[in-house]
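# An overview of the molecular structure
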Amino acid sequence: MSCKQLCITLVAICSALLVIVLVRTFTLVPRKDVVIACKTADSDFIKLTDQILKRFQKALQIDTISFKRGEYNRDQLLLLGSHLQKSFPVVHSSPLVKLDIIANYSRLYTISGSNTSLTPYLLTAHLDVVPAIAEEWELPPFDAQIKDEFIYARGAIDFKQGIMGILEALEYLLSKGFKPNRSFYIGFGHDEEVTGVDGARAISQELQSRGLKQVEFLLDEGLAVLNGFIPGIKKPVALIGIGEKGFLTLKLYVKGEAGHSSMPLKETAIGILAKAVSKIEDNPLPSMLGYGPEKEMLEHLAHEMPLAARIVMSNLWLFGPIVSWFFSQKPPTNAIIRTVTSVTMFNGGVKTNVLPSDATAYINHRIHPAQSLQEIMDYDRAVINDDRVQISVEDSMVAAAGSPSGENDFGYQIISNSIRQIWTNATTAPGMMIGNTDTKHYKDFTKNIYRFSPTVMFPGDEKRFHGVNERISKNNYEQAINFYYHIIVNADKRLLMGNTDTRHYAMFTKNIYRFCPTVMFLGDEKRFHGINERISKKNYEQAINFYYHVITNADQRSLINIHQHSDEL
Ligand SMILES: CCCCCCCC/C=C\CCCCCCCC(=O)N[C@@H](CCCCN)C(=O)O
């Protein structure tokens, strides 16, 4: 090939790449529904009264700690149960609500709707919390004291704001006479922090034994309203977890030889294990950017970014390695692009002058959906490359597949729209839940599983999860309650509302109306996107005449003399 031909080929390739990059950059357009903002002045806005705040604080003061499987503060769980019972008298006495106590401590509420043809949905949360090292906290973890408008307590964001927020919303709605069309369930497990096998799994079994086959969608704790977490985006981003990372906890064990420390061997069990652990930390797993829900998230958010970042994010097929490097720099973004590794426990030795007879460490991996448990095991084995280190699986779960997040996916859109009613300046996007939830126990009921916590977070706040100084602002707790209020109200619709093309015209007017000249009887709603869609001849004639009148009536300067037919005058 001549030099000229080579130049022409290179220019052609670069031009083609440029065209692809630009087309992708400008064609990835987000969904923009018009949602009605929830304002504090609205008559149905639930204000954070002293009473509401006090019962939240009281719930936080009850230390419902889970320590390990089957080991949790049983008395405290009972105490929290009676606190809920007392705090929400309308919920607990309503004929529409049935409460079942499952496995002694978990709670399953069934709220009966009037229209049994609508598939029910499920809201879940957990009653338990992780332990807290009180000495490291600014304020005691189980006092729920308020400082600078923040309530500090273990469980403030994981996840008693969910428990109390859901029940506050329901209490309010029922006390205003709300009678749902669509039935729904509320499931509060009592041991989520130690895998939920006693609580959520038992709730799920109870639902199965009742013959429940399907729920429309499930909303559990999860991602949050994030400020400043995603490079290049200034406005809040509310991520709805459509998938969930798996986990793999490995036990590393080294058998040593006890003896007097004055005559040491070249390496002790602790030394051998320390080297293995160090190799594991020095060799992070590769980036999986582009192979999981994070791809959808970044493409969805690209439109919020400055042009350069937008070009990059819209074209991960080309710029993936740069983004991977960038995201690897901070723990929250690193967590979404790869399987991460945490050495969480290390034990060995009994006395300062005794050689350790063995040493044990635990490695907790959070697995990216594109990787299998076996792949991770093999990787670790190869990295450690030392037969003296025995590796065994302590516990594991494969990653959960992505739930649908399209324009017509009822559950996703109900959650997304409810978020935007509360956090009006936020943009929503599908994301991947980096921690684990109770949702695994409900996966047989639906593929529409979503993970979102109504929690506002700023950089650094992620350390408060299971860490010190967990807290929520009073304002955020009020938002959480109103978020669940909107979830319950919005999910009570038959169909996904607002799912029209109107969003593409929202910039032209605020006067957007949606009406079909269609006559409907009960049951006809199933014909939409269902089978036997039809219209009567008469109705079609009416439709034509309706549009005739829309055109003639709208052809006026102002709203006068609408009625043209003399018999209407
Ligand atoms: C672009 C950035 C996106 C990521 C930013 C994430 C910011 C933090 C948001 C949410 C934090 C989620 C982590 C909290 C998980 C809470 C639930 C939990 O702790 N679950 C336990 C279950 C344990 C079960 C026993 N194996 C857990 O995951 O450890």
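By convention here, each chain's residues receive numbers from 1 onward along its written sequence. Reporting of local features is limited, given that this is a predicted model, to residues whose pLDDT is at least 70; pairs of side-chain atoms are given and counted only at 80 or more, and all residues count toward the totals for whole chains, interfaces and linings. Water and hydrogen atoms were dropped before computing side-chain values, which therefore reflect all heavy atoms in the structure.

## What to know about the domain arrangement of the chain
Which entries qualify depends on this criterion: What marks off one domain from the next here is an automatic or database domain assignment. Residues are treated as being in contact if the distance between any of their heavy atoms lies within 4.5 Å. Buried area: the accessible area, evaluated with a 1.4 Å probe, that two parts lose upon being put together, summed over both parts. By convention in these notes, a salt bridge is any Lys or Arg side-chain nitrogen within 4 Å of a carboxyl oxygen on Asp or Glu. We call two N or O atoms a polar contact when they sit within 3.5 Å, provided that within protein one can donate a hydrogen and the other can accept it, with sequence-adjacent residues counted only if both atoms are side-chain atoms. The helix count covers DSSP runs of H or I at least four residues long, the strand count covers runs of E at least two residues long, and both are numbered beginning at the N terminus.
Assigned domains within the chain: domain 1 (50-243 + 401-491), domain 2 (245-397) and domain 3 (515-568). One C-alpha centre belongs to domain 1, the other to domain 2; they are set 30 Å apart. At the interface, 25 residues of domain 1 touch 23 residues of domain 2. In total, domain 1 and domain 2 occlude about 2000 Å² of area from one another, counting both sides; carbon and sulfur atoms represent 69% of this. By the criterion of area lost to domain 2, the three top residues of domain 1 are Met432, Ile434 and Asn436, representing 31% of everything that side buries. At the junction of domain 1 with domain 2, the criterion picks out 2 salt bridges. Across the pair Lys235 and Glu304 runs a salt bridge, and its minimum N-O distance is 3.5 Å. Inspection of the domain 1/domain 2 interface yields 7 residue pairs in polar contact (both at pLDDT 80 or more). Counting residues per element, the ones that place at least two in the side of domain 1 that touches domain 2 are strand 10 (237-244) and strand 17 (427-433).

## Here's the deal with the site of the ligand
Cut-off, in case you're wondering: Residue proximity to a molecule or strand is established when one non-hydrogen atom of the residue lies within 4 Å of it. Note on areas: these come from Shrake-Rupley sampling with a 1.4 Å probe, and a residue is covered only by the protein chains present in the view. Note on residue classes: Ala, Val, Leu, Ile, Met, Phe, Trp, Tyr, Cys and Pro are nonpolar, Asp, Glu, Lys and Arg are charged, and everything else, Gly too, is polar.
In the vicinity of the ligand lie 22 residues, with Glu192, Glu193, Arg366, Asn436 and His466 positioned nearest. The side chain of Glu193 places a nitrogen or oxygen atom 3.4 Å from an oxygen atom of the ligand. His466 has a polar side-chain atom sitting 2.8 Å from an oxygen atom of the ligand. Against a free-state accessible area of 760 Å², the protein chains account for coverage of 90% of the ligand. Among the elements of the structure, strand 9 (218-226) and helix 11 (331-337) are those that each provide at least two residues to the shell around the ligand. Here the residues of the shell around the ligand are counted per class, giving 11 nonpolar, 6 polar and 5 charged. Here the shell around the ligand gathers at least three residues from each of two domains, domain 1 (50-243 + 401-491) and domain 2 (245-397).

## Notes on the sheet that holds strand 19 (residues 471-473)
The condition that has to hold: Strand pairing requires that DSSP identify at least two bridges connecting the strands. In this description, a line fitted to the C-alpha atoms serves as the axis of each element, helices being fitted only across the stretch in contact, and the angle between N-to-C directions of two axes falls anywhere from 0 to 180 degrees.
Pairing in this open sheet of 3 strands is antiparallel, and the strands run 6-7-19 from one edge to the other. Each edge of the open sheet is held by one strand with a lone partner, namely strand 6 (145-147) and strand 19. Looking at each pair of strands side by side, their axes are set apart by 30° on average, direction ignored. Two elements, strand 6 and strand 7 (residues 150-152), share 3 bridges in a ladder whose sense is antiparallel. The residue bridging Ile146 from the neighbouring strand is Ile151, located in strand 7. Against the sheet, helix 2 (residues 50-61) contacts strand 6, strand 7 and strand 19, and its axis sits at roughly 25° relative to strand 7.

## Looking at the UniProt feature "domain: Peptidase M20 dimerisation" (unreviewed entry) in the chain
Note the threshold: UniProt positions are given in the numbering used here, feature names are shortened, and annotations may be inferred rather than shown by experiment.
UniProt's feature table lists "domain: Peptidase M20 dimerisation" (unreviewed entry) at residues 242-386, given in the numbering used throughout. What you have in residues 242-386 is 43% helix and 25% strand, and the ends, taken at the C-alpha atoms, are 38 Å apart.

## Points about the side chain of Asn115
As a reminder, the rule being used: Buried residues are those whose accessible area, probed at 1.4 Å on protein chains only, stays under 20% of the maximum for their type, while exposed residues exceed 50% and partly exposed ones sit between those limits.
With respect to the helices and strands, the residue Asn115 is situated in the loop between strand 4 (106-111) and strand 5 (121-126). For Asn115, a relative accessible area of 14% corresponds to the buried category. A polar atom in the side chain of Asn115 sits 2.6 Å from the side chain of Ser117. If sequence neighbours within four positions are ignored, Asn115 has contacts with Asn181 and Arg494.

## A look at the packing of aromatic side chains
By convention here, two paired aromatic rings are described through the distance between centres and the angle between planes. How we decide: Stacked, tilted and edge-to-face are the three classes applied to pairs of Phe, Tyr and Trp rings, where Trp contributes its six-membered ring and a pair requires centres within 6.5 Å; stacked means planes under 30 degrees apart, edge-to-face means over 60, and tilted covers the rest.
Applying the stated rule across the entire model yields 15 aromatic pairs. An angle of 5° between the planes, with centres 5.1 Å apart, marks the rings of Tyr121 and Phe217 as stacked. One end of the pair, Tyr121, is in strand 5; the other, Phe217, is in the loop between helix 6 (200-209) and strand 9, and 96 residues separate them in sequence. You can call Tyr121 buried: its relative accessible area is 0%.

## Remarks on the packing of helix 2 against helix 5 (residues 160-175)
Operational definition: By definition, turning the near helix anticlockwise from the far helix through less than a right angle yields a left-handed crossing, and turning it clockwise yields a right-handed one.
Interhelical geometry of helix 2 versus helix 5 gives an angle of 140° and a closest axis separation of 10 Å. The handedness of the crossing between helix 2 and helix 5 is right-handed. Every residue of helix 5 that contacts helix 2 at Ile52, Arg55, Phe56, Ala59 and Leu60 is listed here: Lys160, Gln161, Met164 and Glu168. Split by residue class, the contact of helix 2 with helix 5 holds 5 nonpolar, 1 polar and 3 charged.

## Concerning the packing of helix 13 (residues 410-422) against helix 14 (residues 474-491)
Applied cut-off: Note on terminology: angles under 35 degrees are roughly parallel, angles over 145 are roughly antiparallel, angles of 65 to 115 are roughly perpendicular, and the others are oblique.
Helix 14 packs onto helix 13 with a crossing angle of 140° between their chain directions and a minimal axis gap of 9 Å. On the basis of the axis angle, helix 13 is oblique to helix 14. Crossing of helix 13 over helix 14 shows right-handed handedness. Only Gln479, Asn482, Phe483, His486, Ile487, Asn490 and Ala491 of helix 14 make contact with helix 13, whose side of the interface consists of Phe410, Ile414, Ile415, Ser418, Ile419, Gln421 and Ile422. Grouping the amino acids of the contact of helix 13 with helix 14 by side-chain chemistry returns 8 nonpolar, 6 polar and no charged.

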